[in-house]
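Understanding the architecture of this molecule
In case you want the letters, here they are:
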Amino acid sequence: MLADRVLFLDGEALVIDKPAGLPVDRPRSGAISLENHLDSLTFGFKRWPVAVHRLDQDTSGCLLLSRNPKAHARFQQAFEQHLVRKRYLSVLEGVVEGEGMIDLPLAKVSTREAGWRMTGSAEGKSARTAWKALRVQDGRTLVEFRPETGRTHQIRVHALEGLGAAVVGDPVYGKADPLGMLLHAAELTVPREGKPAIEAVAQLPDRFAKAGFGDA
């Protein structure tokens, strides 16, 4: 139950630790998604909470939901104005050292054979991600990412095309892994005028420990 995964709760906001494998949007197949859990996340309100942003299905971690329309509009504005601070942790397939900023615009491409994906393109939408290598082990690197923008698949593409190392378990830009995709939204901070900021921290899930990266 997602009610057991609440990281922050007040009258206008809810942050949950979304498990990997759960899509935020309802799939065309009608499979289980966040929508199926919303009734258990009302916490005394009649209105279902609404996701303010998106995490990929295979990405775990901090997901913000609004509890009323006015709050939703304010939170969306905070995201659009790049006021929200996000910290992700990921294990990359390869050795990466140092730190820096990836400034690589992204565009959507598609083929009949492979479907759609995102790629770096001068004609794409601006995308910036700060990164820092934390630890190397067995040919893989634990990397901290702090995206300044929120493009689709941004960290996954920036890891591959900006750092030359795909996220471990990424079925689109790398290769699938039995442990799943090692990308986790570890921290989220949303400033609010006249109120304390929304702050949430999601601990690293078990799949990181099983890959040898249990601490960060």
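Quick summary incoming for the structure in this document.

Parameters at a glance
- Residues numbered from 1 in each chain as written.
- Predicted model: local features only at pLDDT ≥ 70, side-chain atom pairs only at ≥ 80, totals over all residues.
- Heavy atoms only, no water.
- Core = buried A, V, L, I, M, F, W, Y, C linked by side-chain atoms within 4.5 Å.
- Buried < 20%, exposed > 50% of the residue type's maximum accessible area, 1.4 Å probe, protein only.
- Helix = DSSP H or I, 4+ residues; strand = E, 2+ residues; numbered from the N terminus.
- Contact = heavy atoms within 4.5 Å.
- Phe/Tyr/Trp six-rings, centres within 6.5 Å; stacked < 30°, edge-to-face > 60°.
- Lys NZ or Arg CZ within 6 Å of the ring centre and 35° of its normal.
- Pairing = 2+ DSSP bridges.

So, about the nonpolar core. Core analysis: the largest hydrophobic core is formed by 28 residues, its most contacted members being Ile16, Leu34, Leu92, Trp131 and Phe145. Where this core is concerned, the elements lending two or more residues are strand S2 (13-18), strand S4 (60-66), strand S5 (85-92), strand S9 (128-137), strand S10 (140-147), helix H2 (154-163) and strand S11 (183-192). Element by element, the count of residues in this core is highest for H2, at three residues. Filtering out sequence-adjacent residues up to four positions away, Trp131 remains in contact with Val96, Glu97, Gly98, Glu99, Gly100, Met101, Ile102, Val143, Glu144, Phe145 and Leu163. Counting 16 residues, the second-largest nonpolar core is a separate cluster that includes Ala13, Leu64, Ala78 and Ile198.

With that settled, consider the environment of Leu65. With respect to the helices and strands, the residue Leu65 is situated in strand S4. Sequence separation between Leu65 and Gly194 is 129 residues; the distance between their C-alpha atoms is 19 Å. If sequence neighbours within four positions are ignored, Leu65 has contacts with Glu12, Ala13, Leu14, Ile16, Leu34, Leu38, Pro49, Val50, Ala51 and Val52.

Here the focus is the packing of aromatic side chains. On inspection of all chains with the given rule, the structure shows zero aromatic pairs. Above the face of the Phe45 ring, Arg67 is positioned so that its terminal group lies 3.7 Å from the ring centre. The cationic tip of Lys108 hangs over the ring face of Trp116; the distance from NZ or CZ to the ring centre is 4.6 Å.

Here the focus is the pairing of S2. For S2, a buried count of six out of six residues is recorded, marking the element as mostly surrounded by other parts of the structure. A two-sided burial pattern is seen for S2, the buried positions comprising Ala13, Val15 and Asp17 on one face and Leu14, Ile16 and Lys18 on the other. Relative to S2, strand S1 (residues 6-9) is paired through three bridges, and the arrangement is antiparallel. Within the sheet, the bridge partner assigned to Phe8 lies in S2 and is Val15.

Just geometry here; none of it tells us what the structure is for.
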